[in-house]
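These are the residues of each chain, in order.
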Amino acid sequence: MYIDIHTHRLPTDPATFALLDCPPDNPLPNPAPRLRFSAGIHPWRTDEPGATAWLDRIAAWAAAKHLSAIGECGLDHLRGAAIPAQLSIFRRHLELSAAYRLPVIIHCVRAWTELLALRREFPLQPWIIHGFSGRTTMAEQLTAAGCILSLGPACLRRSQSATLLDFLREHRFLLETDDENMDIIAVYRQAAVRLQSSMDRLEEIIMDNFTAVFETVILE
């Protein structure tokens, strides 16, 4: 089974288990086998007027056990509301994560200092940094803080990803398609090449990492 930890598209391959990002201004899709949901306010949308109502909706979905993760949420110095407003909204997501014992799917752009400071306040729930494509030195800081890195196609296309993956061999990491029009199997193939690993071994690694983070999710 292939695990797509963060996607904006419904999977088409029956061998894929996907965590679908669901915008909080739309209804949740119908449940389906091997499909789970996450919901959050993307930092780019933090300056939109519906943010407060969306937070209430996300809280209701979490309370009703419709969600397997909170997010995509986080911080972005390049887009969205001013950082103080983003921090306030992000903190609310982290509080929901703690209250309902759900992992958090995090978008972070040029806000690592603020992110790591918040991690010290919220050290217990799993934080998944989605679409990570930074330097290995930043990966070292994030994993030391207990964060899990998720790599997507954009990262794996870079030659430097081999060095990053070599470091991550000793840490939990996950794979995703994000919003790209490709299936997760192709992402696994890219990662396997960079790791000089067999596909079977990579499947085992990702499955072990996934089940360690999402202990209560049943893989139907």
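Below: a short report on this structure. (Residues numbered from 1 in each chain as written. Predicted model: local features only at pLDDT ≥ 70, side-chain atom pairs only at ≥ 80, totals over all residues. Heavy atoms only, no water.)

Some points on the overall build of the protein chain
When you go through the protein chain residue by residue, the secondary structure sums to eight helices and eight strands. Its C-alpha radius of gyration of 16 Å places the protein chain within 12% of the 17 Å reference for a compact globule of 220 residues. Oriented by its inertia axes, the alpha-carbon framework of the protein chain measures out at about 45 × 40 × 30 Å. Expressed as a percentage of the 220 residues in the protein chain, the buried residues total 51%. Residue pairs in contact within the protein chain that sit at least 24 positions apart in sequence constitute 62% of those at least 6 positions apart. Accessible area of the protein chain: about 10,400 Å², with a carbon and sulfur share of 50%. Once the 21 positive and 26 negative side-chain charges of the protein chain are each reduced to a mean point, those two points are 2 Å apart. (Helix = DSSP H or I, 4+ residues; strand = E, 2+ residues; numbered from the N terminus. Rg over C-alpha atoms; globule rule 2.2 N^0.38 Å. Buried < 20%, exposed > 50% of the residue type's maximum accessible area, 1.4 Å probe, protein only. Contact = heavy atoms within 4.5 Å. Areas by Shrake-Rupley, 256 points an atom, 1.4 Å probe, with all protein chains shown as cover. Lys, Arg positive; Asp, Glu negative; His and termini not counted. Charge placed at Lys NZ, Arg CZ, Asp CG, Glu CD.)

Some remarks on the packing of aromatic side chains
The final tally for this structure, using the stated rule, is five aromatic pairs. An angle of 65° between the planes, with centres 6.0 Å apart, marks the rings of Trp112 and Phe132 as edge-to-face. Of this pair, Trp112 sits in helix α3 (residues 112-121) while Phe132 sits in the loop between β6 (127-129) and α4 (136-144), and the two are 20 residues apart along the sequence. Each member of the pair Trp112 and Phe132 is classed as buried. The ring of Trp44 is capped by Arg79, whose NZ or CZ atom sits 3.7 Å from the centre of that ring. Its guanidinium or amino end placed over the ring of Trp127, Arg119 lies 4.9 Å from that ring's centre, counting from NZ or CZ. (Phe/Tyr/Trp six-rings, centres within 6.5 Å; stacked < 30°, edge-to-face > 60°. Lys NZ or Arg CZ within 6 Å of the ring centre and 35° of its normal.)

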